[in-house]
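# Reading the structure
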Amino acid sequence: MFRAARQCLFILLIVYFLPACNDDKSDINFRSWKVYRGDDGINAYSSLDQVNRENVKLLQVAWTYRSGDTLGNSTIECNPIIVNGILYGVSPRQKTFALDAKTGKELWVFNPHDEKGQGGGVSRGLSYWEEGDDQRIYMFANHRLLALDARTGKQIMSFGENGVVDLRKGLRDDKEIEKYYIESRSPGVIYKDLIIVGSTMGELYMALPGNIRAYDVRSGKLRWIFNTVPKPGEFGYDTWRKEDYQTSGGCNAWSGFSIDRKRGIVFAATGAATFDFHGGDRQGANLFGNSVIALNAATGKYIWHFQVSHHDLWDYDLPSPPNLVTIRRKGKAVDAVAQVTKQG
């Protein structure tokens, strides 16, 4: 559910207070860019001050990198990451590349498609994980999650099944897996030895559910799943008709995640349930569509949610990950979650 994100004309900021507060931000310096959008709070902020309002006009282009891709009007949409002086990005044809961040020199390129470079699509970023000498880049290519050696760009074939985690599996009927469309256009978030991922799918009838899943960073095995269209016995199941969990889809965290590592909480913002402009076959409030959701990052266990639109009929997706911020309230610092919406 990504189409209407480009139609945002107004911004509504909603703040949800967390149950606890931590005033100590001394360990956060906002001087690196190792994760998507700069930090775990997805704030796209840097504290570096060498460039300022007085000298920004003097900046000159130091280097330019051209991917060589041609794919209609597509452009590079990723927010690159920089780790140990290496910039990692994604081309319009979903080729992951590594550059010397100082010079722009190409170090390696990995093409997840055929030799002619066929295939491609939007990819907003990558995820990085390391433990000792094991350094990995995680990327999405359509319905596939892949792990690459960050130093060489070689695909790690021990990850998943023959090097691939298929996002289509385990959501509905694997026997008919080929007919389902699903991909991830935003990077997963790393938490300890997990990569937590969302998805994008069709917005019509019988689309797949946008369940949030966590995979082992080494093996690619599924570690936990949170059903955004609840099944019998799960919280929120009574906000749908009894049989809807078998056919309803969407409610997907397509824009990515933010994470509070100290509390071990991952935050997601979801899109509408399908069909996104008709609700006659999904009566009820339809949790967890159009919701900010807080989950235990280690287990996927539900902590809390706030649903912005009940029984959405207008494709009111939440078009960005929740931002983690600290505000002053009655003289005290309060950790909070801020969410952009489409509702003006």
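Note that the structure is a prediction, hence the values are computed from the model and not measured.

## Observations concerning the overall build of the protein chain
Along its length, the protein chain carries zero helices and 21 strands. Here the protein chain holds 344 residues, and the buried ones make up 50% of them. Long-range contacts, defined here as pairs at least 24 residues apart, represent 58% of the contacts in the protein chain between residues at least 6 apart. Total accessible area on the protein chain is roughly 17,200 Å²; 52% of this is exposed by carbon and sulfur atoms.

## Observations concerning the sheet that holds strand 2 (residues 81–83)
One open sheet accounts for four strands, arranged 2-3-4-5; its pairing is antiparallel. Pairing within the sheet leaves two strands with one partner each, and these edge strands are strand 2 and strand 5 (106–110). Neighbour-to-neighbour, the strand axes of the sheet open up by a mean angle of 20°, direction not taken into account. Relative to strand 5, strand 4 (residues 96–100) runs antiparallel, the two sharing four bridges. The residue bridging Leu99 from the neighbouring strand is Glu106, located in strand 5.

## A short note on the nonpolar core
Formed by 20 residues in total, the largest nonpolar core has its most connected members in Tyr138, Leu145, Phe159, Ile195, Val197 and Tyr215. Leaving out residues up to four positions away in the same chain, Tyr138 has contacts with Leu126, Ser127, Trp129, Leu145, Leu146, Ala147, Phe159, Ile190, Ile195, Val217 and Arg218. In this structure, Val189, Ile196, Trp224 and Ile259 belong to the second largest nonpolar core, which totals 18 residues.

## Section: unusual backbone geometry
Among all residues except glycine, the phi angle is most often negative; among peptide bonds, the trans geometry is most common. Residue Phe275 follows Thr274 across a cis peptide bond; omega there is -10°. Structurally, Phe275 is set in the loop between strand 17 (265–269) and strand 18 (291–296). That bond from Leu287 to Phe288 is cis: its omega, 10°, falls within 30 degrees of zero. One can find Phe288 in the loop between strand 17 and strand 18. A positive phi angle is found at Ala44, which is not glycine, with a value near 50°. Along the chain, Ala44 turns up in the loop between strand 1 (13–17) and strand 2. In this structure Ala44 comes out as partly exposed when scored by relative accessible area, which is 39%. Although it is not a glycine, Cys251 sits at a positive phi angle of roughly 55°.

## As for the sheet that holds strand 17
Taken together, four strands build an open sheet; the order of strands is 16-17-18-19 and the sheet is antiparallel. Looking along the sheet, the strands with just one partner apiece sit at the ends: strand 16 (257–260) and strand 19 (302–307). With strand direction ignored, the average angle separating the axes of adjacent strands in the sheet is 15°. By the bridge criterion, five bridges tie strand 18 to strand 19 in an arrangement that is antiparallel. Note that in strand 19 the partner of Val292 across the bridge is Phe306.

## Thoughts on the environment of Thr247
Tracing the chain through its elements places Thr247 in the loop between strand 15 (222–226) and strand 16. Taking C-alpha positions, Thr247 is 9.5 Å from Arg282, a pair spaced 35 residues apart along the chain. Non-local contacts of Thr247, meaning those with residues more than four positions away in its chain, are made with Arg172, Met206 and Ala207.

## Section: a nonpolar patch on the surface
Taken together, the side chains of Val51, Val56 and Leu59 define a hydrophobic patch exposed on the protein surface, amounting to about 260 Å² of accessible area. Tracing the backbone shows Val51 in the loop between strand 1 and strand 2.

## Description of the pairing of strand 12 (residues 194–197)
On strand 12, burial covers both faces: Leu194 and Ile196 on one face and Ile195 and Val197 on the other are all buried. Here strand 11 (residues 189–191) runs beside strand 12; their pairing, made up of three bridges, is antiparallel. Along strand 12, the bridge assignment pairs Tyr191 with Leu194. The loop that links strand 11 with its antiparallel partner strand 12 comprises two residues; one of these, Lys192, has a positive phi angle of about 55°.

## Examining the pattern of salt bridges
As enumerated under the stated definition, the model contains 16 salt bridges in all. Glu161 is the salt-bridge partner of Lys169, the closest N and O atoms lying 3.1 Å from each other. With its nearest N and O atoms 3.3 Å apart, the salt bridge here joins Asp193 to Arg223. One end of the pair, Asp193, is in the loop between strand 11 and strand 12; the other, Arg223, is in strand 15, with 30 residues separating them in the sequence.

Conventions used here
- Residues numbered from 1 in each chain as written.
- Predicted model: local features only at pLDDT ≥ 70, side-chain atom pairs only at ≥ 80, totals over all residues.
- Heavy atoms only, no water.
- Helix = DSSP H or I, 4+ residues; strand = E, 2+ residues; numbered from the N terminus.
- Buried < 20%, exposed > 50% of the residue type's maximum accessible area, 1.4 Å probe, protein only.
- Contact = heavy atoms within 4.5 Å.
- Areas by Shrake-Rupley, 256 points an atom, 1.4 Å probe, with all protein chains shown as cover.
- Pairing = 2+ DSSP bridges.
- Axes fitted to C-alpha atoms, helices over the stretch in contact; angles between N-to-C directions.
- Core = buried A, V, L, I, M, F, W, Y, C linked by side-chain atoms within 4.5 Å.
- Patch = residues over 30% accessible without salt bridge, like charges linked within 9 Å, V, L, I, M, F, W, Y side chains within 5 Å.
- Salt bridge = Lys/Arg side-chain N within 4 Å of Asp/Glu carboxyl O.

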